[in-house]
Structures are given as C-alpha cells and as structure tokens.
Amino acid sequence: MAKKKVILSFPPRLIQEPVTNVLIRQFDLQITILRAQVRPRERGRMVVEMIGEKQNFDAAFKYLDEKGVQVDPVVQEMRYMPEKCVHCTACVAVCPTHALSVDPQTRELCFEPSKCIICESCIPACSYQAIESQF
Ligand code: SF4
Ligand code: SF4
C-alpha cells in the first residue's frame, strides 16, 4: 500500500461531478479530503490523502488527467514563521495531530510538518499570523 497527499484542481465543469467517488469505487483507493475550496463556476481545489496500490494510483491519475483534473503533490502546505511567534501556545490545543507542540525544555513552540494534515485549524487560533497556508 502507498500513501500520497495531493492537490486536485478541478475546472468549473467538473465541480458537480463525483470524481472522488469514482476514485474510491473504480480504483479501490481510500480517499480522505483534508481541505476543499469549491465555489460554483470557479475552479475547485481539494487537498486529499490517497491510500492504495501503486497500479491503482497510476490508473487513477490517468483517469484524472483524461477528465481534466490537475494533480499536484503536496510538498509543504503550512508555513510557520518563528519570527512572528510569541509562543503563547494557543495553536497547540487546536492541532489534531500534535504537529504543533511545546518543547518541554524551552517552552517554545515546535512545528513538525510531517505530522501536519493541513486542516488549517491553527490559522484562526493564532492572533499573531505566525502560521499561514501556502495553498
Ligand atoms: S494545519 Fe492542522 S495539523 Fe497542521 S499544524 Fe495546523 S492545526 Fe496542526
Ligand atoms: S498561536 Fe501563533 S503565536 Fe501562539 S504559539 Fe501558536 S504560532 Fe506562536
């Protein structure tokens, strides 16, 4: 089994189509939608985590390409700016994956991107704009 986190960009004509259902049913992929920006008549974007067999990924990406859905890998979505951070820890309580934590030695904030699922819960929690999305 392989796991990939990707951004799917949809042209407006595909907004109403159940593309993720096809990925699940036809290509036997587990799909978790981590984030979505979908507005009528505009290009839609979703950050999804996909789990499945490699050959199914290949077929699914071919299907998406033929449908006109752009697939981009998620490299680094959340940006933590330590120079703006006052280490108030308000963001730690809302982080579901412990990607944000407090160093017990220094009492300063730690950000572990590998644990981040790009849920964006931390953005409104931070009054200092020390975390932003690069989406
Ligand atoms: S985006 Fe979500 S998972 Fe990532 S650091 Fe912020 S709260 Fe945690
Ligand atoms: S809420 Fe903002 S300022 Fe406070 S610890 Fe988190 S990133 Fe730093």
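Residues numbered from 1 in each chain as written. Chains lettered and ligands numbered in written order. Predicted model: local features only at pLDDT ≥ 70, side-chain atom pairs only at ≥ 80, totals over all residues. Heavy atoms only, no water.

Colleague: Mind showing me how you'd approach the site of ligand 1 here?
Modeller: As a matter of local geometry, ligand 1 sits amid 14 residues, with C95, C116, C119, E120 and C122 nearest to it. Here ligand 1 occupies the largest cavity. Across the shell around ligand 1, the residue classes tally to eleven nonpolar, two polar and one charged. (Near = heavy atom within 4 Å. 1 Å grid on protein atoms, 1.4 Å probe; cavity = no way out; pocket = protein on both sides within 12 Å on 5 of 7 lines; lining within 4 Å. Sits in = over half its atoms within 2 Å of the grid points. Nonpolar A, V, L, I, M, F, W, Y, C, P; charged D, E, K, R; others polar.)

Colleague: Hey, could you run me through the domain arrangement of the protein chain in this one?
Modeller: Interfaces are often sized by the amount of accessible area the parts lose when they come together. What the domain assignment reports for the protein chain is domain 1 (2-73) and domain 2 (78-133). A straight line from the C-alpha centre of domain 1 to that of domain 2 covers 28 Å. With four residues of domain 1 in contact, the opposing surface of domain 2 contributes six residues. Contact with domain 2 buries surface across domain 1, with K5, L34 and R35 losing the most and accounting together for 92% of the total. Our count for the contact surface shared by domain 1 and domain 2 stands at zero salt bridges. (Domains from an automatic or database assignment. Contact = heavy atoms within 4.5 Å. Buried area = accessible area lost by both parts, 1.4 Å probe. Salt bridge = Lys/Arg side-chain N within 4 Å of Asp/Glu carboxyl O.)

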